[in-house]
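Summary of structural features
One letter stands for each residue in the lines below.
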Amino acid sequence: MADLVITGARIIDPANGLDTSADLYIQDGRIVHIGNGGGFPPGGAEVGRIIDAKECVVTPGLIDFHVHAYEHVTPLGINLDGRCLSRGVTTAVDAGSAGCSTLNGLRKFIKDQSKCRLYAFLHIASHGLASAALAGLKDGGEIDSLNQVDVDGCVTSVRDNRDFVVGIKLRISVAISDNGRNEPEAYRRALQAAGEAGVPLMVHHSFSTVPTVRTPGVLSCPGDLRAGDIFTHAFHWHKGCLLDKETGRVYHDVWEAKRRGVLFDIGHGFGSFAWLEAEACTKEGFWPDIISTDLHTASVDGPAYDLTTVMSKMLHLGMPLNDVIAAVTSKPAAAIGKSQEIGSLKIGNEADITILRLDKCSIELEDTRGETRTITERIVPVRVFRSGVEYPIQEIVPWPNSASKEKCQKACKQYAAYAQSKQSL
Ligand SMILES: [Zn+2]
């Protein structure tokens, strides 16, 4: 017996080294069999519903590793089911919307109320992003005072919420840190807290006084990140980016961090994905480990849109499809120590499954500077199942959004003016 079988698709499951044409069987919300050629269910038992997925790609339920889902509480919060599950994402990871003072609300009002599975990186600032918005456009943010950068509170909260909290988050940027004065100490405390709690640290590092290149006696980023820590916003192009703009090459210290096991995450967002930097880095062979949206109120109607749009951008840059799928399934699952539960089509696991289609197209897609490239292949979600239950896919309209391109071009000028005003720092 099987409740459901998805037939005829190409199944890509990087965790299990699978790229094959086969049928996938689901029973009682779990994956019970993958194979073809008959013989299942045993004894010729009935199959309930049959979905023909010819010319589609079936993958483990997609994981969006960087979103902001604390809706109504933080300025950046979007609706988790409406914006993630409805676009093929079955697990999302909130990137520091809550700190130890506000985590219970994220659990009670968002995680427990949503169909999409949610994990969280806990912000090192106890109030998280409750009053914080984008960094780098104007002053004001979560580490303007170090009084709320509470190592003990953070570590205790991680220990009390192991089922939910999978890491610690920090943003270092002059805009949110009393003009950079608090950056090194907040960074030091975040490293300490992550070490004590035994979880990875995710760092947003842009417009920062903390150097990219190692400097004796001074903390650097990613220089002081450890294996398993995450550098998010890999291609942001602002001050502190991974690319040496003078040589056009990725900094040696950045390559060294990658070899050491530091993970690089896209975290597209509203200000953190420049075609120029993505092209230069990937041409040199510097590919991200994880693809994520940094979906929030300012990025969700473009320029990030959804996870499959960001995946399409990486496909456009020449990242092989199997690597793109790994960067939204097996790799993010491993980064948060959840490989046994999510990110693969392991027999016996909850049936979190996404069905994708690759459409030929010719679409101008903007980056966060409002520059465009012509995308000729688009990954689109067709169906999504969370624990064996199907949820509707909702289209993004308009896609692409011309207003987003103009908004990004305007912000790009504002970022430049802001950076100029802080040049002395
Ligand atoms: Zn973010």
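Residues numbered from 1 in each chain as written. Predicted model: local features only at pLDDT ≥ 70, side-chain atom pairs only at ≥ 80, totals over all residues. Heavy atoms only, no water.

Thoughts on the packing of helix H3 (residues 151-160) against helix H4 (residues 183-197)
Closest axis-to-axis distance for the H3/H4 pair is 9 Å, and the angle between their directions is 30 degrees. For the element pair H3 and H4, the recorded crossing hand is right-handed. In this structure, H3 contributes Val151, Cys154, Val155, Val158 and Arg159 to the contact, and H4 contributes Arg189, Gln192, Ala193, Glu196 and Ala197. Taken together, the residues of the contact of H3 with H4 break down into six nonpolar, one polar and three charged. (Axes fitted to C-alpha atoms, helices over the stretch in contact; angles between N-to-C directions. Helix = DSSP H or I, 4+ residues; strand = E, 2+ residues; numbered from the N terminus. Left-handed = near helix turned anticlockwise from the far one by under 90°. Contact = heavy atoms within 4.5 Å. Nonpolar A, V, L, I, M, F, W, Y, C, P; charged D, E, K, R; others polar.)

Quick look at the domain arrangement of the protein chain
Along its sequence, the protein chain is organised into domain 1 (2-59 + 350-359 + 375-396) and domain 2 (62-335). Taking only C-alpha atoms into account, the centre of domain 1 sits 30 Å from that of domain 2. Taken together, the 26 residues of domain 1 in the interface contact 27 residues of domain 2. When the area that domain 1 buries against domain 2 is broken down by residue, the three leading residues are Ile379, Arg386 and Ile396, summing to 27%. The interface formed by domain 1 and domain 2 includes one salt bridge. Scanning the region where domain 1 abuts domain 2 turns up nine residue pairs in polar contact (both at pLDDT 80 or more). Across the side of domain 1 that touches domain 2, the residue classes tally to 15 nonpolar, three polar and eight charged. (Domains from an automatic or database assignment. Buried area = accessible area lost by both parts, 1.4 Å probe. Salt bridge = Lys/Arg side-chain N within 4 Å of Asp/Glu carboxyl O. Polar contact = N/O pair within 3.5 Å; in protein donor to acceptor, adjacent residues only side chain to side chain.)

Examining the sheet that holds strand E14 (residues 263-264)
What links the strands of a sheet is backbone hydrogen bonding, and the strands pair in either a parallel or an antiparallel sense. Spatial ordering of the open sheet is given by E6-E7-E8-E9-E10-E11-E14, a layout of seven strands whose pairing is parallel. This sheet does not close on itself; its edge strands, each paired only once, are strand E6 (62-67) and E14. As paired elements, strand E11 (residues 230-232) and E14 share two bridges and run parallel to each other. Each bridged residue has a counterpart across the sheet, and for Phe231 the counterpart in E14 is Phe264. Where H3 meets the sheet, its contacts fall on strand E8 (117-123) and strand E9 (165-172), and the angle it forms with E8 comes to roughly 160 degrees. (Pairing = 2+ DSSP bridges.)

Overview of the pattern of salt bridges
The final tally for this structure, using the stated rule, is 25 salt bridges. For Asp289, the salt bridge is made with Lys258, and the minimal N-O distance between the two is 3.2 Å. One end of the pair, Asp289, is in the loop between helix H6 (275-283) and helix H7 (307-316); the other, Lys258, is in helix H5 (residues 252-260), with 31 residues separating them in the sequence. When its relative accessible area of 14% is taken as the criterion, Asp289 is described as buried. Two residues, Glu377 and Lys360, come together in a salt bridge whose shortest N-O distance is 3.3 Å. Taken together, the residues Glu377 in strand E16 (residues 372-386) and Lys360 in strand E15 (residues 353-366) connect sequence positions 17 residues apart. Look at Glu377 and you get partly exposed, because its relative accessible area is 25%. (Buried < 20%, exposed > 50% of the residue type's maximum accessible area, 1.4 Å probe, protein only.)

Quick look at the pairing of strand E10 (residues 201-205)
Burial within E10 is extensive, with five of its five residues counted as buried. Residues Leu201, Val203 and His205 line one face of E10 and the alternating positions Met202 and His204 line the opposite face, and both faces are buried. In terms of strand pairing, E9 meets E10 through five bridges, oriented parallel. Across the sheet, Ile172 pairs through a bridge with His205, a residue of E10. Running through H4, the crossover from E9 to the neighbouring parallel element E10 is right-handed. (Right-handed = clockwise from strand over helix to strand, strands pointing away.)

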